[in-house]
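What the coordinates show
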Amino acid sequence: MTAGGLLLDAAGKAGLYGLQTRSVGPQIRGGEAAALLRLADWPVETHSGAFDLLLALDWSNFSRFAAEIKLDARSVVIADPVSGTVPEIVTAATQNIVELPIKEIADNISGGRVNMVALGLLCGAIGLHEADLIELIAGKLVAKGASAIEAGTACLHEGFQHSTRLDAVTAIGPERRQTGERRWLLTGNEAAGLGALRGGVRFAAAYPITPATEILEWLAPALARAGGTLVQAEDELASVNMIIGASYGGVPALTATSGPGLALMTESIGLATAAEVPIVVIDVMRGGPSTGIPTKSEQSDLNIAVHGLHGDAPHLVVAPVSLADCLFTTQWAVHLAEAMQAPAIVLSDQFLGQARMIVDRPADIAFVAARRRTENPDDDYARYALTPDGISPMSVPGVAGGQYTADGLAHAVSGTPSSAAEDHLAQLAKRRRKIDEFVYGDHWADIEGDGDFVIVTWGSTAAPVREAAEQARAHGLHIKTVAVRLLAPLKVAALAHELDGARRVLVVEQNETGQFHRYLRSLCDLPADTRAVHHPGPLSVTPDEVLGEILKEHSL
Amino acid sequence: MNAPVSLKASDYKSDLKPVWCPGCGDYHVLLAVTKALAELQRPAHDIAVISGIGCSSRIPAYLNAYGFHGVHGRALPLGTGLKVARPELTVLVAGGDGDGFSIGGNHFLHACRRNIDITYLVMDNQVYGMTKGQPSPTTAPDWDSALSPGGTGLRPFHPLVIALASGANFVARTFSGDIKGTTQTLVEAIRHPGFSFVEVLSPCVTFRPEQREWKSAVHAAPVTPTDDPARAARRIMTDDGFNTGILFRGTRDPYSLARSDTVADMTAFERPFEL
């Protein structure tokens, strides 16, 4: 995993783009693990097709993730004979198996490690400069002392020397692309943390859960430096209520979790809806239901995010449409929640959250927390006053004369509990109105291309859809992609406008039942020739899979 | 600044009529809270009273202060988030035995342990009143009810010992009928740094009419408060459950609510991502 990370770092230094994901077993430490990288001289956002190169240090338990490591006849496999027999699933796919004594090379170097030899092999094979890599390693190993740097350097050198045997691998670097723009290397979880901070979040409550924990771990020191705080909660019931408490006090607040945590939080997200307290909950989705597959991605929490609250409880659900977009979408979610005094759920997923990616620096955006407050409430101040846009000026503790009791009970405009029909209807309508009539601008979706063949998608499957559409356009097809960022409230009219005149529509997502497709069907009149394309995790939706669907449709 | 105006207990009372039954102990608790706040002279807008669900959890709306009537069992995390985000506020969390010790039990343990400077007031009547009379964690094992005919057979939860064992910094028991004693205990609980837990024996005259006898059963603790948890635990575990007063006054440092004075420039956070 370390070597994989260094390879991406080296590619980044060389001016390339790329991404790294990992596939690991259930072990807490150690055990089988695969670092999956895709490198290119253009911004890649997803894995695609078969891997060009597989370097195996250990074949044991390879079968556990063989399905996620697609190989074909062009794939080159580097294997150390001492690691055992190359699995049949590999030899069935490709004949290009290069045997190299990686362990022996490492053993001949004092303090040598196989992963450093492997890193040298890979960097040499794809055409990176040895000197650049050595500089990078020296920086990473500086804390481990001179002997570690010396051993690492020697291993890399040996790896580079042996990489001449890997001619079949396509070299892409270095400095194929001279970028003027500033580029970042980060994970979606880090991007989400930065988006939260930029949006104005100054309080977070945290309960650890895979694969969301890194958001909270990124925020812990960052919030402290930004004058905010993070509290570790005893469970998700506590963490969501802590952020409601903080936000009631006027401080924009967030928590991050995954499916099981979101399930626990839903009652209190309803409280935030009823009491009109803005909060942001990031759900980094993983395979479900129940404990599911904590380390692997799936888009199967759409139903609970949109429909999970009891009662009629209008709230916001947004989803980043790329890894870099975790920053924008989280920042926007803070802005929306604060503006509408409502909970916002951000549906990220394990791929977006934990993949490391080289991206162009995301643009700065102006969205920040701006809550409609009252600092000078008059004598007849009513917290839940019925306003034309449904948003009522909020008083917070410390404001003299603004005392009120926030309540999850149905209430009158003052906040006083009321079971009267007229109060219930008025408050339901105002809470609906503020969500439905808010002006969201163009951010409800990212739309690319034009044509009467439209692919509608959301979340992390937007990246393979975009790449497939690019390839289809290269085939001369006219394709439009609509990656929906604002899932609730769904902008039905805007989506209808995008689908106007469409002859064929594909709805692409990564879950078993086609949750997004069913959701669209429940609200929109989709064209007759609309087809749902979906499968559950952990296998990702890939560009060639989507391209295959496009070509299949087109040939009809 | 205007000349300070002396605040009266009535200044902390809202004009909303409680939903409580006539004779409910919670009326006295409400009165004691207003008297305690008057003694502290904290402005109403700097006080927040946070609760969950149940008869006693209705108390925030009956006070003139900021209030939050949340979901069942989650009052302590609500209050915790508010206090951490706004340390300058006086935060009281209030509720009943079912809300605090059953559905909210885990939060009770961790709030004691976390020792944030808030005061938790539990009006204990050993019954779920709002749902019309079911046994709570503090109900005696043989109390007969429709939900648990013949009694639960379960040993009652002992809130004061649990609070002590979990790290609460101030532990007291009062009786709602003793308005003066409850008032004074609340004043001291609010003043004491860290997590203060006050159990108020507050009779439910509707579903536990026998609790009317509590007024003759209670008696003031015969000794002064200790800061030794072992002594306090022995005292609490060997008393008859009607011993009132401040039973433990700890010296543990409260959870730090300090903030960094210097706020980092936002661009500092993106620098580590740059290639």
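Residues numbered from 1 in each chain as written. Chains lettered and ligands numbered in written order. Predicted model: local features only at pLDDT ≥ 70, side-chain atom pairs only at ≥ 80, totals over all residues. Heavy atoms only, no water.

Across all of its chains, the model carries 36 salt bridges over all chains by this definition. Glu-375 of chain A is the partner of Arg-373 of chain A in a salt bridge, and the nearest nitrogen-oxygen pair spans 3.4 Å. A relative accessible area of 34% places Arg-373 of chain A in the partly exposed class. Three or more residues are tied together by salt bridges with common partners; here these are Arg-182, Arg-198, Arg-361 and Asp-364 of chain A together with Glu-270 and Glu-274 of chain B. (Salt bridge = Lys/Arg side-chain N within 4 Å of Asp/Glu carboxyl O. Buried < 20%, exposed > 50% of the residue type's maximum accessible area, 1.4 Å probe, protein only.)

Next up on the list: the interface of chain A and chain B. Listed by partner, the interface residues are 60 residues for chain A and 43 residues for chain B. Surface buried jointly by chain A and chain B totals about 4200 Å² across both partners, of which 63% is contributed by carbon and sulfur atoms. Across the contact surface, chain A and chain B share five salt bridges. Summed over the shared surface of chain A and chain B, the number is 25 residue pairs in polar contact (both at pLDDT 80 or more). Looking at the side of chain A that touches chain B, the elements that each hand over two or more residues are helix 1 (2-13), strand 6 (183-187), helix 7 (188-199), helix 8 (213-225), strand 8 (229-232), helix 9 (236-248), helix 10 (259-275) and strand 14 (405-407) of chain A. If one sorts the elements of the side of chain A that touches chain B by residue count, helix 9 of chain A sits on top with eight residues. Among the residues forming the side of chain A that touches chain B, the class breakdown is 32 nonpolar, 16 polar and 12 charged. When strand 14 of chain A meets strand 2 (residues 66-69) of chain B, the two strands line up parallel, connected through three bridges. Bridging across to strand 2 of chain B, Ala-406 of chain A finds its partner in Phe-68 of chain B. (Contact = heavy atoms within 4.5 Å. Buried area = accessible area lost by both parts, 1.4 Å probe. Polar contact = N/O pair within 3.5 Å; in protein donor to acceptor, adjacent residues only side chain to side chain. Helix = DSSP H or I, 4+ residues; strand = E, 2+ residues; numbered from the N terminus. Nonpolar A, V, L, I, M, F, W, Y, C, P; charged D, E, K, R; others polar. Pairing = 2+ DSSP bridges.)

Let us now look at the packing of aromatic side chains. To describe a pair of aromatic rings, you give the distance between the ring centres and the angle between the ring planes. Counted under the stated rule, the structure contains 24 aromatic pairs over all chains. Among the aromatic residues, those joined into a cluster by ring pairs are Phe-101, Phe-108, Tyr-120, Phe-157, Phe-195 and Phe-197 of chain B. Its guanidinium or amino end placed over the ring of Tyr-17 of chain A, Arg-183 of chain A lies 5.4 Å from that ring's centre, counting from NZ or CZ. (Phe/Tyr/Trp six-rings, centres within 6.5 Å; stacked < 30°, edge-to-face > 60°. Lys NZ or Arg CZ within 6 Å of the ring centre and 35° of its normal.)

All names here are of chain A. For the pair helix 5 (residues 130-140) and helix 6 (residues 146-162), the least separation of the axes is 10 Å and the interaxial angle reads 155°. Classified by the angle their axes make, helix 5 and helix 6 are roughly antiparallel. You can see that helix 5 and helix 6 cross each other, and the crossing is right-handed. Residue-level inspection shows Glu-130, Leu-133, Ile-134, Ile-137 and Ala-138 of helix 5 in contact with helix 6, the latter providing Ile-149, Thr-153, Leu-156, His-157 and Phe-160. Broken down by class, the residue content of the contact of helix 5 with helix 6 amounts to seven nonpolar, two polar and one charged. (Axes fitted to C-alpha atoms, helices over the stretch in contact; angles between N-to-C directions. Parallel < 35°, antiparallel > 145°, perpendicular 65-115°, else oblique. Left-handed = near helix turned anticlockwise from the far one by under 90°.)

Moving on: the domain arrangement of chain A. Residue and element names in this part refer to chain A. In terms of domains, chain A is made up of domain 1 (2-165), domain 2 (185-360), domain 3 (372-438) and domain 4 (443-554). For domain 1 and domain 2, the distance between their C-alpha centres works out to 34 Å. Counting residues at the interface gives 20 residues for domain 1, matched by 12 residues for domain 2. Around 1200 Å² of area is buried between domain 1 and domain 2 when both sides are counted, 50% of it from carbon and sulfur atoms. It is Tyr-17, Arg-22 and Glu-45 in domain 1 that bury the most area against domain 2; as a group they hold 34% of the surface buried on that side. One can count two salt bridges joining domain 1 with domain 2. Applying the counting criterion to the domain 1 and domain 2 interface returns six residue pairs in polar contact (both at pLDDT 80 or more). Sorting the residues of the side of domain 1 that touches domain 2 by element identifies helix 1 and strand 1 (17-24) as the ones contributing at least two each. The element best represented in the side of domain 1 that touches domain 2 is strand 1, accounting for eight residues. By residue class, the composition of the side of domain 1 that touches domain 2 is eight nonpolar, seven polar and five charged. (Domains from an automatic or database assignment.)

Before going further, it helps to spend a moment on the layout of surface pockets. Residue and element names in this part refer to chain A. Empty space within the second largest pocket amounts to approximately 560 Å³. For the second largest pocket, the lining is made up of 30 residues, of which His-47, Glu-68, Pro-538, Leu-539 and Ser-540 are closest to its centre. Within the residue set of the lining of the second largest pocket, elements represented by two or more residues are strand 1, helix 13 (350-354) and helix 18 (543-554). The residue makeup of the lining of the second largest pocket, split by class, is nine nonpolar, 15 polar and six charged. (1 Å grid on protein atoms, 1.4 Å probe; cavity = no way out; pocket = protein on both sides within 12 Å on 5 of 7 lines; lining within 4 Å. Points joined across faces, edges and corners; volume = space filled by probe spheres on them.)

What follows is about the nonpolar core. Residues Phe-203, Leu-347 and Phe-516 of chain A together with Phe-68 and Phe-197 of chain B are the most contacted members of the largest nonpolar core, which totals 153 residues. Element by element, the count of residues in this core is highest for helix 12 (residues 325-340) of chain A, at 10 residues. Apart from residues lying up to four places away in sequence, Phe-197 of chain B is in contact with Phe-101, Phe-108, Tyr-120, Val-122, Pro-159, Leu-160, Ala-163, Phe-170, Val-171 and Ala-172 of chain B. Judged by nonpolar contacts, the second largest core, of 42 residues, contains Leu-6, Leu-8, Leu-39 and Ile-102 of chain A. (Core = buried A, V, L, I, M, F, W, Y, C linked by side-chain atoms within 4.5 Å.)

The next subject is helix 6 (residues 179-191) of chain B. Residues spaced three or four apart along an α-helix point in a common direction, a consequence of the helix completing one turn every 3.6 residues. Residue and element names in this part refer to chain B. Taking 1.5 Å per residue, 13 residues should reach 18 Å; helix 6 reaches 18 Å between its end C-alpha atoms and fits that length. Those residues of helix 6 that sit buried are Thr-182, Thr-183, Thr-185, Leu-186, Val-187, Ala-189 and Ile-190. Those residues of helix 6 hidden inside the fold are in contact with helix 1 (26-40), strand 3 (90-96), strand 4 (119-124), strand 5 (170-175), strand 6 (196-201) and strand 8 (243-249). (Expected span 1.5 Å × (residues − 1).)

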